[in-house]
Amino acid sequence: MEDITLTRKGSYDVIVVGGGIAGVSAAVSAARGGVRVLLIEKLINLGGLATSGLISWYEPLCDGRGRQMIGGIAEELIRLAVRDCFDTLPESWGGSEHRDGRFATHFSPTVFSLALDRFVLGSGAALRFDTYATYPLMEGRHCVGVICESADGRELIEGKAIIDATGSASICRRAGMPTVCGENFMSCVAHYIDDECIERYRQTGRQSELRKWFAVGSNMFGHGHPEGMKKTVGDSADELNEYILTGKKMLLDKVREKRKGGFDLTAISTMPQLRTIRRIVGAEDFEAIDGKPCDNPIGVCGDFRPGREGKHYMIPYGALVHPDFDNLFACGRIISAPAGDGWEVARVIPTCALTGEAAGKAAAESVLKGIPAPKIRFAPLLCGELAL
C-alpha cells in the first residue's frame, strides 16, 4: 500500500474554503484589503448554488419599496452576472425590462461562472479548483492551516486566517466550533427548453425565454415535498446520496411525461441543492428582526420573500465568529442565524455576498493588525456602501 504523506503546499495570509458567492466575495474583499489570499473550491466552477446548483435568480438588493439596501461587492456581482448575457432587471435598476420591480434578476449560470474566475483573479487572490479542503489543522483553538486532497495528493496549506464559506460549516465544525444542523425539503431544479420556450423567444427576442427552471419536489415553503419522506439534514454521505438519487429519479420521471422530441433538459445540477445544511453558533445571532439594532453591525439587508417588502435587518458581526476561535470566520448561509427568518434570509445571494465581503475585510484586518477575530470592531469597515 502506498504511503500517504502530507505535503506542505504554500502559505497565505487568508485561506477561503468554498467558492460560492460568499467565498468569492470573501476572497475578493480580503485581497483588496492588501493580504495574500487563496480561494479553494472542490468543484471546477465558482458560484456554488447560484451556478453549479442552477439556482440562477439574484434576489433583491432593495427593500421592495424603492430603497437599495446592499451595495459593495453584492452590487458588483449582480452587474457581473448580467454583463455578458441576458437579464431581467427592471429599467429603473439599469436593466432591460420595461417594467417596475425590485433590484433582482435572473441570469445565465454558465456565463456568470466564467466571469467569476476573472473577478477573483483580478482582485489578486489565487484560485485553486478541484481541491477538497477536508480538515483544519488546529493548535488548540487556533487554526494554522487546511488539509486538502487534490491531484497532487494530501496537502497542507498554511494560513494566518481561515474563512469557512463551505455552505456546510465543515471547517468550523471540524475545528470544534459548535454548530447546528438544518432540515431540508426534497427539491431538485434543472433547466429546460421546449417548443413553447422557442415560440416565446421568437415573439419577444428575449434570451431569458430559452432558459427555464424545471423543478420537482417542494418549493421553499414545503409544498410538494414527497409524502412520507423525511426532511434531509445533509450531514452524512449516505443521506446526501439518497437525496441526490431521489431528486434525479423525480426529474427523469417528469421528463418522461413530456412529448419526446419537443423537450430537452439543458442543464442538471452538479451539486446537492440543499438550502440549510449546517450553521455555526456564533458570538451573536442574526435573527432577521425588522429594525432591531446591534452593537457591531456589518450592514443591513432586506427580505426577498413575497409580502416582506420594507423589512430592514441589521446583521451583527458576531454572527460571523465565535468567542473562542481567534482566526476562524464564517460567511454565507453558515453564519449564526437560527432556523426561521434568520437562516432564510442569510442563505440567499445578496446576504451571502454581504457576509462574505465582511468576513474578507475582517480577516484582512485581523492579519494586518494582529487583532483576534472576535475583537474586530466592524463599524469603521461597514460593507456595501449603502449599509446604514
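Residues numbered from 1 in each chain as written. Predicted model: local features only at pLDDT ≥ 70, side-chain atom pairs only at ≥ 80, totals over all residues. Heavy atoms only, no water.

### A short note on the overall build of the protein chain
Next up, step 1: Summing up its helical and strand segments, the protein chain has eight helices and 16 strands in all.
Next up, step 2: Expressed as lengths along the three principal axes of its C-alpha atoms, the size of the protein chain is roughly 60 × 60 × 40 Å.
Next up, step 3: Residues classed as buried in the protein chain amount to 54% of the 388 residues present.
Next up, step 4: Within the protein chain, contacts between residues at least 6 apart in sequence are counted, and of these 71% link residues at least 24 apart.
Next up, step 5: When the accessible area of the protein chain is evaluated, it comes to approximately 17,100 Å², of which 50% is carbon and sulfur surface.
Next up, step 6: If you average the places of the 45 positive and of the 49 negative side-chain charges in the protein chain, the two averages end up 1 Å apart. (Helix = DSSP H or I, 4+ residues; strand = E, 2+ residues; numbered from the N terminus. Buried < 20%, exposed > 50% of the residue type's maximum accessible area, 1.4 Å probe, protein only. Contact = heavy atoms within 4.5 Å. Areas by Shrake-Rupley, 256 points an atom, 1.4 Å probe, with all protein chains shown as cover. Lys, Arg positive; Asp, Glu negative; His and termini not counted. Charge placed at Lys NZ, Arg CZ, Asp CG, Glu CD.)

### Some details on the pattern of salt bridges
Next up, step 1: Tallying each qualifying case throughout the model produces 30 salt bridges.
Next up, step 2: Lysine 231 serves as the salt-bridge partner of glutamate 183, at 3.6 Å between the closest nitrogen and oxygen. Of this pair, glutamate 183 sits in the loop between strand S9 (179-181) and strand S10 (187-194) while lysine 231 sits in the loop between strand S11 (212-217) and helix H6 (237-255), and the two are 48 residues apart along the sequence.
Next up, step 3: For lysine 231, a relative accessible area of 38% puts it in the partly exposed group. (Salt bridge = Lys/Arg side-chain N within 4 Å of Asp/Glu carboxyl O.)

### Re the side chain of glutamate 344
Next up, step 1: As for its position among the elements, glutamate 344 is in helix H7 (residues 341-346).
Next up, step 2: By relative accessible area, glutamate 344 is classed as buried at 18%.
Next up, step 3: Discounting chain neighbours no more than four positions away, the residues touching glutamate 344 are Met220, Phe304 and Arg305.

### Section: the packing of helix H1 (residues 21-32) against helix H2 (residues 72-83)
Next up, step 1: Where H1 meets H2, the axes come as close as 10 Å, and the angle between the chain directions of the two elements is 120°. Here H2 runs oblique to H1, going by the angle between their axes. Handedness of the H1/H2 crossing: right-handed. Residue-level inspection shows Ile21, Val24, Ser25, Val28, Ser29 and Arg32 of H1 in contact with H2, the latter providing Ile73, Glu76 and Leu77.
Next up, step 2: Residue composition of the contact of H1 with H2, grouped by class: five nonpolar, two polar and two charged. (Axes fitted to C-alpha atoms, helices over the stretch in contact; angles between N-to-C directions. Parallel < 35°, antiparallel > 145°, perpendicular 65-115°, else oblique. Left-handed = near helix turned anticlockwise from the far one by under 90°. Nonpolar A, V, L, I, M, F, W, Y, C, P; charged D, E, K, R; others polar.)

### A short note on the environment of isoleucine 21
Next up, step 1: Tracing the sequence through the fold places isoleucine 21 in helix H1.
Next up, step 2: The buried category is assigned to isoleucine 21, whose relative accessible area is 6%.
Next up, step 3: Each C-alpha atom of the pair isoleucine 21 and glutamate 357 lies 9.9 Å from the other, and the pair is 336 residues apart in sequence.
Next up, step 4: Contacts of isoleucine 21, omitting those with residues within four sequence positions, involve Gly47, Ala50, Leu77, Phe112, Ile349, Cys352 and Ala353.

### Examining the packing of H2 against helix H3 (residues 109-122)
Next up, step 1: Axis separation between H2 and H3 bottoms out at 9 Å; the angle between their running directions is 130°. Classified by the interaxial angle, the pair formed by H2 and H3 is oblique. As H2 packs across H3, the resulting crossing turns out to be right-handed. Judged by residue contacts, Ile73, Glu76, Leu77, Leu80 and Ala81 of H2 engage Phe112, Ala115, Leu116 and Phe119 from H3.

### Notes on the nonpolar core
If you look at soluble globular proteins, the nonpolar side chains tend to sit buried side by side.
Next up, step 1: Ranked by internal contacts, the top residues of the largest apolar core, which has 70 residues, are Val14, Leu77, Phe286 and Phe329.
Next up, step 2: With ten residues, the top contributor of residues to this core is helix H8 (residues 349-369).
Next up, step 3: Discounting residues that sit within four places of it in the chain, leucine 77 has contacts with Ile21, Val24, Ser25, Tyr58, Phe112, Leu116, Phe119 and Ala353.
Next up, step 4: Core analysis: the next-biggest nonpolar cluster, separate from the first, contains 21 residues, Val17, Ala169, Cys172 and Ala175 among them. (Core = buried A, V, L, I, M, F, W, Y, C linked by side-chain atoms within 4.5 Å.)

### Concerning H1
Since one α-helical turn is 3.6 residues long, residues separated by three or four positions face the same way.
Next up, step 1: For H1, which comprises twelve residues, the first-to-last C-alpha distance of 17 Å matches the rise-based estimate of 16 Å (1.5 Å per residue) to within 8%.
Next up, step 2: Of all twelve residues that make up H1, eleven are buried, and the element is covered over most of its length.
Next up, step 3: Taken residue by residue, H1 has Ile21, Ala22, Gly23, Val24, Ser25, Ala26, Ala27, Val28, Ser29, Ala30 and Ala31 as its buried positions.
Next up, step 4: Each element contacted by the buried residues of H1 is listed here: strand S1 (6-17), strand S2 (37-40), H2, H3, strand S8 (153-164) and H8.
Next up, step 5: Backbone geometry just downstream of H1 places glycine 34 in the positive-phi region, at approximately 95°. (Expected span 1.5 Å × (residues − 1).)

Shape is all these values report; function is a separate question.
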